[in-house]
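Close look at the chain arrangement
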Amino acid sequence: MENKNSMKSQITKIVIITYIITSLVSFSLIYITLNNKVEDLGTKFSIQYLLKEKNRITTPIEREIALAQKLADTPTIKKWTQNEYDKELKMRAIEELESYRKHFRDNSYFFIIDSSANYYFNNKSNEFEDNQLRYTLDKNNEKDEWYFATMKEVDDYTLNVNYDRELNTTKIWIDAIVYNAKGEKTGMAGTGLTLDKFLNDFLKPDSNFITPIMFDQNGFVQAYKNEEYIKLSAITASLSEEKNKTIFDLLNNEDQNKIKNVMSSLQNEKKEVGTTKINLNNESRLAAISFIPTLNWYIMILLDSSEIFNIWDFTPTIITLITSMLLLVIVIVYFINKIVINPINQLTGFTEEIAAGNYEKNISIDSENEIGRLAGSFNKMTSTVRKHTNNLEQLVEDRTEKLTKTNKELSKKNKKIMDNINYAKYIQHSILPDVNKYDDYLEEQFIYWSPRDLVGGDFYWIKEIENRLLIAVIDCTGHGVPGSLMTMTTNAVLNRIVDKNSIHDPAILLNKLNIVLKETLHKNNDKKIKRDDGLDISLCSINKQESKLVYAGAKMSLYYTSDDQIKRISGDKQSIGYQYSKEDYEFTTHEIDIKNRNFYITTDGYLDQHGGEKDKRYNRKRFIKLLEENMHKDLKTQGEIYIDEIEEYMGTNEQRDDITVIGFKIKPPNK
Amino acid sequence: MEAVKIDATKSSPKIMFKPEDRKLKIKGESYPEDSFSFYEDIFELMEEAVEKYQSFTLEIEVSYLNTSSTKSFMTLLDIAEDGFKQGKEFSVDWYYNEENEHAYELALDFKSYLELPFNIIPN
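Let me begin by describing the structure that accompanies this report.

Each value, and the rule that gives it
- Residues numbered from 1 in each chain as written.
- Chains lettered and ligands numbered in written order.
- Predicted model: local features only at pLDDT ≥ 70, side-chain atom pairs only at ≥ 80, totals over all residues.
- Contact = placed C-beta atoms within 7 Å.
- Nonpolar A, V, L, I, M, F, W, Y, C, P; charged D, E, K, R; others polar.
- Buried ≥ 20, exposed ≤ 12 C-beta atoms within 10 Å, placed from the backbone.
- Helix = DSSP H or I, 4+ residues; strand = E, 2+ residues; numbered from the N terminus.
- Pairing = 2+ DSSP bridges.
- Axes fitted to C-alpha atoms, helices over the stretch in contact; angles between N-to-C directions.
- Expected span 1.5 Å × (residues − 1).
- Core = buried A, V, L, I, M, F, W, Y, C linked by C-beta atoms within 7 Å.

Structural notes on the interface of chain A and chain B
- With 15 residues of chain A at the interface, the matching set in chain B holds 15 residues.
- Residues that form the side of chain A that touches chain B fall into these classes: two nonpolar, three polar and ten charged.

Focus on unusual backbone geometry
Residues and elements named next belong to chain A.
- Although it is not a glycine, Asp-563 sits at a positive phi angle of roughly 55°.
- Given 7 C-beta atoms within a 10 Å radius, Asp-563 is considered exposed.
- Its identity is not glycine, yet Asn-619 carries a phi of approximately 70°, on the positive side.
- The residue Asn-619 is located in the loop between strand E22 (616-617) and helix H14 (620-630) in this model.
- The exposure class assigned to Asn-619 is partly exposed, which follows from the 17 C-beta atoms found within 10 Å.

Quick notes on the sheet that holds strand E11 (residues 297-303) of chain A
Residues and elements named next belong to chain A.
- Read from one edge to the other, the open sheet built from five strands follows the order E8-E7-E11-E10-E9, with strand pairing classed as antiparallel. A single partner strand is all that each edge strand has here, and the edge strands are strand E8 (221-223) and strand E9 (273-280). With strand direction ignored, the average angle separating the axes of adjacent strands in the sheet is 35°.
- As judged from the two bridges shared by strand E7 (residues 210-216) and E8, these two strands associate in the antiparallel manner. Paired with Met-214 across the bridge in E8 is Ala-223.

Regarding the pairing of strand E16 (residues 548-554) of chain A
Residue and element names in this part refer to chain A.
- Across the seven residues of E16, six count as buried, placing the element largely inside the fold.
- In the sheet, strand E15 (residues 535-543) pairs with E16 via seven bridges, with the strands oriented antiparallel. Note on E16: the bridge partner recorded for Ile-542 is Leu-549.
- What sits between the antiparallel neighbours E15 and E16 is a turn of four residues, in which Ser-547 has the positive phi angle 55°.
- In this structure, E16 lies alongside strand E19 (residues 590-593), joined through four bridges in antiparallel fashion. Its bridge partner lying in E19, Leu-549 is registered against Ile-592.

Observations concerning helix H7 (residues 253-268) of chain A
- With 16 residues, H7(A) extends 22 Å from end C-alpha to end C-alpha; this agrees with the ideal 22 Å at 1.5 Å per step.
- A positive phi of about 55° marks A:Lys270, the residue just after H7(A).

Some words on the nonpolar core
Residues and elements named next belong to chain A.
- One finds Ala-189, Ala-288 and Met-300 to be the most contacted residues of the largest nonpolar core, which totals 65 residues.
- In this structure Met-300 touches Ile-213, Ala-287, Ala-288 and Ile-289, once residues within four positions along its chain are discounted.
- By size, the runner-up hydrophobic cluster in this structure holds 56 residues, among which are Cys-476, Leu-549, Met-631 and Leu-635.

So, the sheet that holds strand E23 (residues 659-666) of chain A
Residues and elements named next belong to chain A.
- The strand order E12-E23-E20-E17-E18 describes an open sheet built from five strands, whose pairing is antiparallel. Since the sheet does not close on itself, it has two edges, and those belong to strand E12 (442-450) and strand E18 (565-569), each with one partner. In this sheet, neighbouring strand axes are inclined to one another by 20° on average, regardless of whether the strands run parallel or antiparallel.
- Against the sheet, H14 touches strand E17 (558-562), E18 and strand E20 (598-602), its axis set at about 135° to E18.
- Strand contacts of helix H15 (residues 635-650): E12, E20 and E23, with the helix running at about 20° to E12, the strand carrying the most contacts.

What follows is the structure in structure tokens.
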């Protein structure tokens, strides 16, 4: 039942495809929109976050820097660097340093006098009270190298971050240069600030999707969760030309450039925060960078937006959406089936019933929509067809009954007519003479008598009178029953004339026949009736003693053999028995020696028969040629040949006229 | 008089009469079942023509006439002969195929009975 071309499968296919496409498009759009939104939010969040961090880090450091600068600028301190061993001055300077120690966040200070390279220090626990001079820096000691480098390169202050492996702390050292009145560098004052708290706060954000990094202007990483990247001092590192890790070592070339662009834009455009997108270990990250001028450092956070927004977080929503759309599809297909396809299938079945000729069924679709109306029309149509069919059947039945009745009557009548004609045939046969009875006169003979219908207008007549044998072939007007009636009349008239008057001369006999027939046939005729009947005839009288044949003819010829030829005597051009036939017409008499000759007579039925390849008359020339070809055969054989010849010539054509051909040979006189 | 047109059948000729031509044409073969019935209307037409027209031509081209059709032709020609004998210009044009000896013999036969102009024309 279900095939792939059915409406059901087509609609199902369309709905499913539409469903899939719509789902894909909607989910893609949702995904893209959400992603963009998340990036937006991520960017804003990063900026806020960075600004906050920047403040959190900068503010205390700047305060310490300011304090360290102030300390370095203290006149007492300045003077002490000029005159380190002045006890009065040293006491006042130490007082001053101790006062600053209380204000420094770390409660510690250091102070170096350049001329002696003496290093003074005290800490939070006041461990070195009255013993602040800790040691003397040695130019050749690698550990002390930082001081000499700073004094050489720094003019105001510098920050050094030290990571102490043993204590596992990172400290930022603020080194402020002390100048004397002449503006010469005479010492260094500063404090250490434990960055651990800031850095830990910075490096360990509340959200796990943020990766914070701090690096300096050269990209050397100052703070990062991966401590490998942090060296003791950026300056020391660069001086010792160690291959330290920079921020750029984390990135590919493209991303390095992006970061550099952001860095320069922060420098040039005085932007607080710059953002860009980079890849970190093949994962997309949003990078937000800000510059901290006091530290000369950059702080950066890498935001993993996929951690903020994960499409799988929406799984329940997506499943709900897919399920509800699927439900919608099922409901739509179900209702299309119920409202459209099932009724159409019902209708199809119904029309197939109608096509099979079953008009008795009614379709029942209880709906008022288009299909319901269609079903209604179908019902109306079938009931009309049913009505018409019934009417037609009744009509056909009635007609058939009438026809059968008529047919019966017709066949009854036909049978009656045929019976009559068959009986007429029997009667007509009875007037035809038996040629075999005339052995005394005839040596051989054949007779071919073939009426077109069962009976016909041709006949032959033989009569013996006064040692003569009269032989005639007669073609009466018409054929069939009317023709046969004429033959009966003619036969009777001929017999009566011969019996009554003992006439044996053919010419006289024809003359007499003409007169009597005209009397007989036209008794009641006036000239207005155009119907006219008569006959053509060839009449021979055989006289054995005289060894001759006497012939007279009315529009019919006599043929006879003469040496190897056939000769023809045309009958007179005067028919017999018609209204216009002249009663005083004298027929011509012909006498022919019988010596071993064949004589032939034919009615025009043979000559006029159509057929052959050109559908033409057989004609007289061909007939004479036929006789000449066969004249030496015995007459019985000749008769059979002539029958075969005309039947073959006729082929499938109908016989046009009655045909009579006779041939005979007269016995020579008894010696 | 009204025009007449009878189409040929297997056993009857085509017959055409147009009053404006003063001409009756008969063409084909003639061996109908009942030739007298078939030609009855043509006899009447011919008689009317004899009454109404001063001149008339019978144009005949038949390849075969059976015995009874021959008699009907005789009747038809007799009527035309009446017209001629009343001093009118009635004539016969008989066309025949030179191969058809029967048609020629028929024409000669008819001509021998009649006095009106009878033209036998081979075609």
